Amino acid sequence: MHTTGIAFDPIVRRHDTGPGHPERPARVSAVFDYLRYTGLLDSLDQLDVRQASDDDLALVHTRPYIELVKREVEQRREQLSTGDTVISEASLESARAAAGCALSATDAVLSRRVQNAFCLVRPPGHHAESRRGMGFCLFNNVAIAARHAQRRHRVERVLIVDWDVHHGNGTQAIFYRDPSVLFFSTHQSPWYPGTGAAEETGAGDAQGLTINCPFPAGSGRAEIMTAFRDRLFPAAVKFAPELVLISAGFDSRIDDPLGQFTLEDRDFAELTTMLLELAPTAQGRIVSVLEGGYNLQGLASACHAHVTSLLGEMPNTPKPATPAN
Ligand SMILES: [Zn+2]
C-alpha cells in the first residue's frame, strides 16, 4: 500500500476574514483547484472528514477557552479577545472542520487506510495555545491530532515538524513539558510571534524535546536542510516516533508576503522525502496539516510539490501556476 489521502472540507472556506486579510478563503481554493488542474488530485484518496467535537478540542484546549470561542463567535465579535484572530459567523464551524480534517486524516493513516495524508485546512493552528487563540489560529489542529493519536490509537511518541516561517508557539507551549512529543521548528527570527529561541528546549522530563532552529531573514535551502540533517535527524532517531505530523506552512517559501525565507518548491519536496525516510519506527506514517502560506500561486505550487513527494514520486517539471480557465 502506498496511497496518500487528502482531507478537505469546503466548509473551511466559510471562515470570513474580510477584505485584504492574507489568511483568506482563496488560499484553500487555489490549492484545491491547482491539484485538480494538474491531475494530482486524481492520485489522492479523498478522505471522509468530520467536525471536531468539544471533546476533541478539549484534548488540547481548556473548556473555558472553547466556550469563549463559541460565545465570541455568537456575539459577532470581529476579533477573538485573546489575540489577533479575525472571526465571523462561520468561524467556529470552519475551525471545527479544520481540526476535524486533521483527526480524520490521523484515523485514516493509523488505521492504514492510507500511508500518509495532507490536510488542506484553514484557519491554521500552530499559534493557538491551550487557553488562547492568536495569529489567525483558533484551535491547534496539529496538537489535537497528536493527542488524538495518543489517546485513541495508543500511539506513544509523536514527532511534530514545523517548517512554517513563523514559530509554532502554541504547539511548543502545549507540549513543552511532555516527553511523549518531540517538537522541531525552523523559523525566521526575529519575527512574529517572538518565541522560538534556540535556548527554548523543553522542561522537566521533556528537556531536549523542543528543538528550535531560528534563522535570520533571507535564509533558505542551505540553513533549513542543514537543520533537518544535523538537528532533527539525530534527535528523531533517538526519539523513535511512531507518527510524524507536519505543521506545513508555506510562508517559508520565496516571495511570501508574510515571510522572508527563500525555500523553493523543490525544497519542500525534498524536506518531505527526508521526513518519509527519517523514522523507520514511524513506517512512513505522516499527517501533514496546512498552516501558513499567503502567496496564492506559490502556496499552490508548493503544496503540489509537497503532496507529490508524499505520494513517493519525484516532483515533475513545474506546471504553469495559474489554471487555464
Ligand atoms: Zn506562518
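See the structure shown above.
Below or above, wherever it landed, is the structure these notes cover. Because the structure is a prediction, the values reported are computed rather than measured.

Brief notes about the coordination of the zinc ion
Phase 1: Surrounding the zinc ion are the protein donor atoms Asp164 (OD), Asp164 (OD), His166 (ND1) and Asp251 (OD), which sit 2.0 to 2.8 Å from the metal.
Phase 2: Every donor counted, the four donor atoms about the zinc ion form angles of 52 to 150° at the centre, which fits irregular coordination.
Phase 3: As a motif over one chain, the donors of the zinc ion read D-x1-H-x84-D. Here Asp164 is found in the loop between strand E4 (158-162) and helix H6 (169-175), whereas its partner Asp251 is found in the loop between strand E7 (243-248) and helix H8 (265-278), with 87 residues between them in sequence.
Phase 4: Owing to a relative accessible area of 0%, Asp251 belongs among the buried residues under this scheme.

Here's the deal with the sheet that holds E4
Phase 1: Spatial ordering of the open sheet is given by E2-E1-E3-E8-E7-E4-E5-E6, a layout of eight strands whose pairing is parallel. Strands at the two margins of the open sheet, each flanked by one partner only, are strand E2 (45-46) and strand E6 (210-215).
Phase 2: With five bridges connecting them, E4 and E7 associate as parallel partners. From the neighbouring strand, Val158 faces E7, where its bridge partner is Leu243.

A short note on the pattern of salt bridges
Phase 1: Scanning the entire structure with this criterion turns up 20 salt bridges.
Phase 2: In this structure, Arg96 engages Asp54 in a salt bridge whose closest nitrogen and oxygen atoms are separated by 2.8 Å. Residue Arg96 is found in helix H4 (residues 91-110), and its partner Asp54 is found in helix H2 (residues 54-57); the two are separated by 42 residues along the sequence.
Phase 3: Connected via shared salt-bridge partners are Asp54, Glu67, Lys70 and Arg96.

Things to note about the side chain of Ser185
Phase 1: Note that Ser185 resides in strand E5 (residues 181-188).
Phase 2: We classify Ser185 as buried; its relative accessible area is 0%.
Phase 3: A distance of 2.8 Å separates a polar atom in the side chain of Ser185 from a polar atom in the side chain of His187.
Phase 4: Once residues lying within four places of it in the same chain are set aside, the contact partners of Ser185 are Asp162, His167, Gly168, Ile211, Asn212 and Cys213.

Remarks on the packing of helix H7 (residues 221-239) against H8
Phase 1: The interhelical angle for the contact between H7 and H8, taken along N-to-C directions, is 10°, at an axis separation of 11 Å. Judged by the inter-axis angle, H7 sits roughly parallel to H8. Where H7 approaches H8, its residues Arg221, Ile224, Met225, Phe228, Arg229, Leu232, Phe233 and Ala236 are matched on the opposing element by Arg266, Asp267, Glu270, Leu271, Met274, Leu275 and Leu278.
Phase 2: Residues that form the contact of H7 with H8 fall into these classes: ten nonpolar, no polar and five charged.

Criteria and cut-off values
Residues numbered from 1 in each chain as written. Predicted model: local features only at pLDDT ≥ 70, side-chain atom pairs only at ≥ 80, totals over all residues. Heavy atoms only, no water. Donors = N, O, S within 2.8 Å, 3.2 Å for Na, K, Ca; no water. Tetrahedral: all angles 85-135°; square planar, octahedral: opposite > 155°, others 65-115°. Helix = DSSP H or I, 4+ residues; strand = E, 2+ residues; numbered from the N terminus. Buried < 20%, exposed > 50% of the residue type's maximum accessible area, 1.4 Å probe, protein only. Pairing = 2+ DSSP bridges. Salt bridge = Lys/Arg side-chain N within 4 Å of Asp/Glu carboxyl O. Polar contact = N/O pair within 3.5 Å; in protein donor to acceptor, adjacent residues only side chain to side chain. Contact = heavy atoms within 4.5 Å. Axes fitted to C-alpha atoms, helices over the stretch in contact; angles between N-to-C directions. Parallel < 35°, antiparallel > 145°, perpendicular 65-115°, else oblique. Nonpolar A, V, L, I, M, F, W, Y, C, P; charged D, E, K, R; others polar.

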